[in-house]
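Coordinates in review
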Amino acid sequence: SEQTFDVSEDLSITIGREATNKIVVADTEIMVSRKHATIRFASTFDSTEENPQYELIIVDSSSNGTFVNGKKVNQSVPVTDEDEIQLGEKGPKLK
């Protein structure tokens, strides 16, 4: 099911199964680590007011990985509002 999170007040958002994350994924989502990834809201070199970019910080060390637009990423990457982040190959998707 689709959920919406208000992230306007946060400089970074943690995602994972652990209860201390800003976005908590159900324990039944075994593709997701306890602390899977962090999205840091920091302007990147190409960021503009009309097209803001953020930085996805990869902290996942499991083999499940993190995907941006279907491509597995193993390092921090810039993301925009249009990108789809998936936690694990068959895990939940964030947009």
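Preceding this section is the structure that the text describes.
**Section: the overall build of the protein**
- The helix and strand tally for the protein stands at zero helices and nine strands.
- In sequence order, the secondary structure elements of the protein are arranged as β-β-β-β-β-β-β-β-β.
- Taken over 95 residues, the protein has a buried fraction of 35%.
- Taking as baseline every contact in the protein between residues at least 6 positions apart, the subset at least 24 positions apart corresponds to 33%.
- Just so you have it, the protein exposes about 6,500 Å², and 46% of that area is on carbon and sulfur atoms.

**Focus: the pattern of salt bridges**
- The final tally for this structure, using the stated rule, is one salt bridge.
- Across the pair E18 and K35 runs a salt bridge whose closest N-O atoms are separated by 3.7 Å. One end of the pair, E18, is in the loop between strand 1 (12-16) and strand 2 (23-24); the other, K35, is in the loop between strand 2 and strand 3 (37-40), and 17 residues separate them in sequence.

**Concerning the nonpolar core**
- Core analysis: the biggest nonpolar cluster contains 16 residues, and I15, L56 and L87 have the highest contact counts within it.
- Beyond its immediate stretch of four places on either side in the chain, L56 contacts A37, T38, I39, T66, V68, Q75, S76, V77, V79 and I85.

**Some words on the sheet that holds strand 6 (residues 71-73)**
- As summarised here, the arrangement of the four strands in space is 6-5-8-9, forming an open sheet in which the pairing is antiparallel. Whereas interior strands pair on both sides, the edge strands pair on one side only; in this sheet they are strand 6 and strand 9 (93-94).
- The sheet contact formed by strand 5 (residues 66-68) and strand 6 spans three bridges and is antiparallel. Counted as the bridge partner of F67 is K72 from strand 6.

What counts, and where the lines are drawn
Residues numbered from 1 in each chain as written. Predicted model: local features only at pLDDT ≥ 70, side-chain atom pairs only at ≥ 80, totals over all residues. Heavy atoms only, no water. Helix = DSSP H or I, 4+ residues; strand = E, 2+ residues; numbered from the N terminus. Buried < 20%, exposed > 50% of the residue type's maximum accessible area, 1.4 Å probe, protein only. Contact = heavy atoms within 4.5 Å. Areas by Shrake-Rupley, 256 points an atom, 1.4 Å probe, with all protein chains shown as cover. Salt bridge = Lys/Arg side-chain N within 4 Å of Asp/Glu carboxyl O. Core = buried A, V, L, I, M, F, W, Y, C linked by side-chain atoms within 4.5 Å. Pairing = 2+ DSSP bridges.

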